[in-house]
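# Understanding the architecture of this molecule
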Amino acid sequence: MATKQKLLTDISLKGLEIAPSQIRGAVRIVPLLRREVRGDLRLMQRNYNEDITIVSLDGNIPEPGMKYYSYVPHGLVISWSEDGSPLASFGGQIMKSDGKRLDCGCATVRLMHRMAKREAKNQLRFLPLHLAMEGFLSLFFSGPDIAWSEYSKYALSHGLGSRYEMSVSGRYIAGLEDALRVFEIHPRQVGVLVFVAETLASAFVVPTPEDYRALHTSLLEDFYGELIYEYSLMFDKPLPMDLSVDDSTINSLADLRSAIAKMRSHWAAFQGFMAEGLLQRQLNSQRVFTAGPFVLQRFITDLRPKEENHIGEAIVRENGELEYLKTYRLSAAQTRRVYLLSQLHFYNWNIDATAKALGNTREEFVTRLETAGFGYLLNQQVRDAARKKGKK
């Protein structure tokens, strides 16, 4: 009997090489090359043209249930072989109806079933980044399990209720479109690390070089956090990072080859260090779908309020090699919100116990909740008491 594949505990670039970066303005793109391309997993983009997409998370549209609303420019379709045999490139012949399109006059709407939906025996459609964001929004969504007196009737009945987060299209990241247009694509390239003003904005990996070339510009349709957008406007130059070969040590072609290989190794190590906020972090992962020898999962890095934090999704084969990866860097405000919820959840939604653990008074913690946008969870008496205490 096959053993159940373990979930990711960290992001490893096993099977991938980091190549020297290319720079344009404040955008630095670091190519990721695959050492061995097997071809038993392929990925294709499916475009959508509606103004908004409504995804039924329980698969029942239009019946009542949990829904996810967003602009979704495209989905991704994966196909795989069970025995490791390579797959031919696939395209228009499998383009099929995906959900239902409605014209509401002022806007067009697409109704879809589930974030990840199996379409055939060896084919799955999922919504990139939205799969990760929906998992982020659903964290601690049910609210208090105990009817603490501090919480509003709404919180006790509906939990967090409707949650939303704001993001920015890649087309608004200054310099990104130009960078993707002019940068060289390596023959073995299957992904990138994207930095804006030396801040990791996104990591993207696909199974094959053919898949990457087809999806290279899809980074413009991804969404990014407000920090990345602001950095792209504030900075127009990256930090200087010069490496060179000492020509006094070069006496032959073999010496030159060795020196260049060493320089590339140093570049890879340094660029990996630049991304340590993602690559060296522990993950909390959730299995989404098992596709033969591959597992689709979504994750969030262990939360550190004063450091960078990421959410994302990945497909990993049985030996731990990364076949697909897409990440989103959380803003400081998004991190604060989910951190506060995580602490409330850990202390069974007890206001006093959570405040004490975080080094706050009860009133200070209530104020933090209100500032983070969760004041509606508390009843009016608790909020009024905190405001009154704060004015003394």
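Provided above is the structure to which this section pertains.
Quick summary incoming for the structure in this document. Everything numeric here is computed off the predicted structure, so don't read it as measured data.

## A look at the pairing of strand β18 (residues 310-317)
The buried fraction of β18 is high, at eight of eight residues. Taking every second residue as pointing to the same face, both faces of β18 are buried, with H310, G312, A314 and V316 on one and I311, E313, I315 and R317 on the other. In this sheet, β18 lies alongside strand β17 (residues 294-301) in antiparallel orientation, the contact comprising seven bridges. Residue pairing in the sheet places R298 in a bridge with E313 of β18. Here β18 pairs with strand β19 (residues 322-329) via seven bridges, running antiparallel. Counterpart to H310 in the pairing with β19 is R329. Linking β18 to β19, which pair antiparallel, is a turn of four residues; within it G320 sits at a positive phi near 95 degrees.

## Concerning the nonpolar core
Residues I11 and F126 are the most contacted members of the largest nonpolar core, which totals 75 residues. Not counting the four nearest positions on each side in its chain, I11 is found in contact with L278, L279, R281, L283, F299, L322 and L325. Of all hydrophobic cores here, the second largest spans 20 residues; its members include A155, L160, L340 and A372.

## Concerning the sheet that holds strand β10 (residues 116-120)
With antiparallel pairing, the four strands of this open sheet are ordered in space as β4-β7-β11-β10. Edge strands, defined here as strands with exactly one partner in the open sheet, are β4 (41-47) and β10. Averaged over all pairs of adjacent strands, the angle between strand axes in this sheet comes to 25 degrees, irrespective of strand direction. Pairing analysis gives four bridges linking β10 to strand β11 (residues 123-126), with the strands arranged antiparallel. Bridge pairing links A120 to Q123 in β11.

## As for the environment of F294
Examined against the element boundaries, F294 turns out to sit in strand β17. As a C-alpha pair, F294 and E323 span 29 residues in sequence and 8.6 Å in three-dimensional space. Once residues within four sequence positions are removed from consideration, F294 is found in contact with Q5, D40, L41, W80, S81, F289, I315, V316, R317 and E323.

## Examining a nonpolar patch on the surface
Where nonpolar side chains cluster on the molecular surface, the patch consists of L233, M234 and F235 and spans about 320 Å² of accessible area. The exposed category is assigned to M234, whose relative accessible area is 56%.

## Some points on the environment of T367
Relative to the elements of secondary structure, T367 occurs in helix α10 (residues 362-371). Judged by relative accessible area, which is 39%, T367 ranks as partly exposed. For the pair T367 and A386, spaced 19 residues apart in sequence, the C-alpha separation works out to 6.8 Å.

## Looking at the layout of surface pockets
Approximately 690 Å³ is the volume found for the largest pocket. Forming the boundary of the largest pocket are 28 residues, of which Y68, Y69, S70, L137 and E165 lie nearest the centre. Put simply, the parts of the chain that give the lining of the largest pocket at least two residues each are β6 (67-70), α1 (130-137) and β12 (168-169). For the second largest pocket, the lining is made up of 18 residues, of which G135, L139, N284, F299 and I300 are closest to its centre. Secondary structure elements with two or more residues in the lining of the second largest pocket: α1, β16 (283-291), β17, β18 and α8 (332-346). Among the residues forming the lining of the second largest pocket, the class breakdown is nine nonpolar, eight polar and one charged.

## Remarks on the sheet that holds β6
Reading across from one edge, β6-β5-β9-β8 is the order of the four strands in this open sheet, with mixed pairing throughout. The outermost strands of the open sheet, each flanked by one partner alone, are β6 and β8 (100-103). Each neighbouring strand pair of the sheet contributes to a mean axis angle of 20 degrees, computed without reference to strand direction. Taken together, the four bridges between strand β5 (residues 52-56) and β6 define a ladder with antiparallel strand orientation. Bridging from a neighbouring strand, I54 pairs with Y69 of β6.

## Considering empty space enclosed by the protein
Evaluated as defined, the whole model comprises two cavities of 30 Å³ or more. The computed volume of the largest cavity comes to approximately 50 Å³. Forming the walls of the largest cavity are V72, P73, H74, P128, L129, H130, E221, D222 and F223. Residues of the lining of the largest cavity, tallied by class, amount to five nonpolar, two polar and two charged. Put simply, the second largest cavity is a space of about 40 Å³. Around the second largest cavity, the lining residues are R34, E36, V37, R38, G39, D40, L41, P207, T208, R317 and E323. Each residue belonging to the lining of the second largest cavity can be placed in one class, and the counts come to three nonpolar, two polar and six charged.

## Remarks on α1
Structurally, the α-helix is built with 3.6 residues per turn, so residues lying three or four positions apart point the same way. Extensive coverage of α1 is indicated by the burial of eight of its eight residues. Every buried residue of α1 is listed here: H130, L131, A132, M133, E134, G135, F136 and L137.

Procedures and definitions
Residues numbered from 1 in each chain as written. Predicted model: local features only at pLDDT ≥ 70, side-chain atom pairs only at ≥ 80, totals over all residues. Heavy atoms only, no water. Buried < 20%, exposed > 50% of the residue type's maximum accessible area, 1.4 Å probe, protein only. Helix = DSSP H or I, 4+ residues; strand = E, 2+ residues; numbered from the N terminus. Pairing = 2+ DSSP bridges. Core = buried A, V, L, I, M, F, W, Y, C linked by side-chain atoms within 4.5 Å. Contact = heavy atoms within 4.5 Å. Axes fitted to C-alpha atoms, helices over the stretch in contact; angles between N-to-C directions. Patch = residues over 30% accessible without salt bridge, like charges linked within 9 Å, V, L, I, M, F, W, Y side chains within 5 Å. Areas by Shrake-Rupley, 256 points an atom, 1.4 Å probe, with all protein chains shown as cover. Salt bridge = Lys/Arg side-chain N within 4 Å of Asp/Glu carboxyl O. 1 Å grid on protein atoms, 1.4 Å probe; cavity = no way out; pocket = protein on both sides within 12 Å on 5 of 7 lines; lining within 4 Å. Points joined across faces, edges and corners; volume = space filled by probe spheres on them. Nonpolar A, V, L, I, M, F, W, Y, C, P; charged D, E, K, R; others polar.

These figures capture arrangement, not role.
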